[in-house]
Amino acid sequence: MTKRPRTSRRVMDIGKSAIHEMTRLSRDVEDVAFLSWAKPTSGTPDHINQAAISAIQGGLVGGYTETSGLPALREEITRKLRRDNNVDANVAQVMVTVGAIEGLAAAVMAIVDPGDEVILPTPTYSTHIRQVLIASGKPVLVPTLEEEGFVLDMEALRKAITPRTKAVLYCSPSNPTGTVFSEPQLRELADVALEHDLTVITDEAYEYFTFDGHEHFSIASIPEMRKHAVSCYTFTKTYAMTGWRVGYLHADEELIPQITKAHIPFAICAPVVSQYAALAALQGPQDCVARFRDHYRAARDLMCERLDAMPSVFAYQKPHGSYLMFPRIRLAEGRDSATFCKRLLQEAKVSTTPGVAFGPTGEGHLRLSFCVSAEEINKAFDRIEAWVSQGGLRKT
Ligand SMILES: Cc1ncc(COP(=O)(O)O)c(C=O)c1O
């Protein structure tokens, strides 16, 4: 009798996360220059920490909240959605989640039946691909147009639609490319979604980090998309609150009870202390967001300058959002980005993420994070330059 595997086919079919693998390998390298994590390195602003401390001291955080989150927080989120996203939201359309990630996972679970196809413009955040797989859906990867700055290829996207297509899932500003999908492109995507009765699931984690006049556009602001969009947001990036694990989603009120059925078995509710912290984040001063944005823009400029000095090694599209970029490696050795990254780590002590982690069209690229200090960027590039000029790449 053939023995049944102990774990589900669903999880066994999912490969290891290259991002977490690089983090694990980086731990063994002393004094590593770290460009591989999309995690803000600034601390959470103090007024947010203090609000959490007060909530703990006030005995407010020991129980669950409503599964969709604290009413006061949801109310504040609707104000933010109206003000900053031009989305005419009400409280019944908002659910507080365990970061954007759990909101996305719950949305995918609620929308995708086994075998349903979900279109993902790639390269994209690998977790989205895994979320579709976990729901037993079929990710359909549609390459973006790299030479035009990794913008949506609407023609290819239309061609990828089949009778099994259920949804489109994208992030903008993008992890890993830093592309901000433009309003005209997203309006065109909305037309396609309406024409084919698709749901558009969005990851807007980097909504506040756009540069050079590029503006973030929420597809849910198009009134016709009201029943066709599920939009996921987070406090992680905006307020440097990675570890608090709090975000939220917005969807039509008829969809929310269905998404809630997927949210409860994984989370019950978002961490309560974090919900109080999130409330303070929305109600408090917002200058920290502009400060973070200015810092990322300066870091982006520095990283581009350093890349410009190595034109035979890297070619890149300038990112206009997020704090990530996705240069192409021009050397033959870069064709296998996983091996290239490991060598860069072991031989030059620079931690990056292999492009292949973001879908097949990511192969031959590196993802670099610029949410770090100027010193860290300079340290990393000094080492890469020295490694290249000492012939590191030609070693076998
Ligand atoms: C595009 C994108 N979405 C979601 C997340 C995770 O967000 P959260 O911490 O809110 O779950 C990340 C983290 O790197 C990300 O890059």
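In the block above lies the structure referred to throughout.
Residues numbered from 1 in each chain as written. Predicted model: local features only at pLDDT ≥ 70, side-chain atom pairs only at ≥ 80, totals over all residues.

Some words on the overall build of the chain
In step 1: Within the chain one finds 14 helices and 14 strands.
In step 2: The C-alpha radius of gyration of the chain comes to 21 Å, within 12% of the 21 Å expected for a compact globule of 396 residues.
In step 3: Across its three principal directions, the C-alpha atoms of the chain cover 60 × 55 × 50 Å.
In step 4: Sequence-distant contacts in the chain: of pairs separated by 6 or more residues, those separated by 24 or more amount to 74%. (Helix = DSSP H or I, 4+ residues; strand = E, 2+ residues; numbered from the N terminus. Rg over C-alpha atoms; globule rule 2.2 N^0.38 Å. Contact = placed C-beta atoms within 7 Å.)

Examining the pairing of strand 3 (residues 117-122)
In step 1: Strand 3 sits mainly inside the fold: six of its six residues count as buried.
In step 2: Burial of the side chains of strand 3 extends over both faces: Glu117, Ile119 and Pro121 are buried on one face and Val118, Leu120 and Thr122 on the other.
In step 3: Bridge analysis of strand 3 against strand 4 (residues 138-143) gives six bridges, and the strand direction is parallel. The partner of isoleucine 119 across the bridge, within strand 4, is valine 140.
In step 4: Here strand 3 runs beside strand 5 (residues 165-171); their pairing, made up of three bridges, is parallel. The residue bridging isoleucine 119 from the neighbouring strand is valine 168, located in strand 5. (Buried ≥ 20, exposed ≤ 12 C-beta atoms within 10 Å, placed from the backbone. Pairing = 2+ DSSP bridges.)

Describing the environment of lysine 227
In step 1: Relative to the assigned elements, lysine 227 resides in the loop between strand 6 (199-203) and strand 7 (229-234).
In step 2: Lysine 227 sits in the partly exposed class, given 13 other C-beta atoms within 10 Å.
In step 3: The spacing of lysine 227 and threonine 199 is 28 residues in sequence and 8.0 Å in space, taken between C-alpha atoms.

With respect to the site of the ligand
In step 1: Around the ligand, 13 residues are found, and the nearest of them are Gly99, Ile101, Asn175, Thr234 and Thr236.
In step 2: Looking at the shell around the ligand element by element, the count peaks at three residues for helix 5 (residues 99-111). (Near = placed C-beta within 6 Å.)

Details of the nonpolar core
In step 1: Core analysis: the largest hydrophobic core is formed by 115 residues, its most contacted members being Ala107, Val108 and Val200.
In step 2: Broken down by element, the residue count for this core peaks at ten residues, all from helix 5.
In step 3: Here this core spans two domains, and each of domain 1 (9-43 + 287-390) and domain 2 (60-283) adds at least three residues to it.
In step 4: Ignoring anything within four residues of it in the chain, the contact list for valine 200 reads Ala167, Val168, Leu189, Ala193, Ile219, Met225, His228 and Ala229. (Core = buried A, V, L, I, M, F, W, Y, C linked by C-beta atoms within 7 Å. Domains from an automatic or database assignment.)

Notes on the pairing of strand 5
The side chains of a regular strand alternate, first on one face of the sheet and then on the other.
In step 1: Most of strand 5 is tucked away: six of the seven residues are buried.
In step 2: As paired elements, strand 5 and strand 6 share five bridges and run parallel to each other. In the strand pairing of strand 6, valine 168 is matched with valine 200.
In step 3: Handedness of the crossover joining strand 5 and strand 6 through helix 8 (residues 183-196): right-handed. (Right-handed = clockwise from strand over helix to strand, strands pointing away.)

Re the packing of helix 3 (residues 46-57) against helix 11 (residues 272-283)
In step 1: Between helix 3 and helix 11, the least distance of the axes is 8 Å, while the angle of their chain directions is 135°. Regarding the angle of helix 3 to helix 11, the classification is oblique. The hand of the helix 3/helix 11 crossing is right-handed. Contact residues: His47, Ile48, Ala51, Ala52, Ala55 and Ile56 in helix 3; Val273, Tyr276, Ala277, Ala280 and Ala281 in helix 11.
In step 2: Partitioned by chemical class, the residues of the contact of helix 3 with helix 11 number ten nonpolar, one polar and no charged. (Axes fitted to C-alpha atoms, helices over the stretch in contact; angles between N-to-C directions. Parallel < 35°, antiparallel > 145°, perpendicular 65-115°, else oblique. Left-handed = near helix turned anticlockwise from the far one by under 90°. Nonpolar A, V, L, I, M, F, W, Y, C, P; charged D, E, K, R; others polar.)

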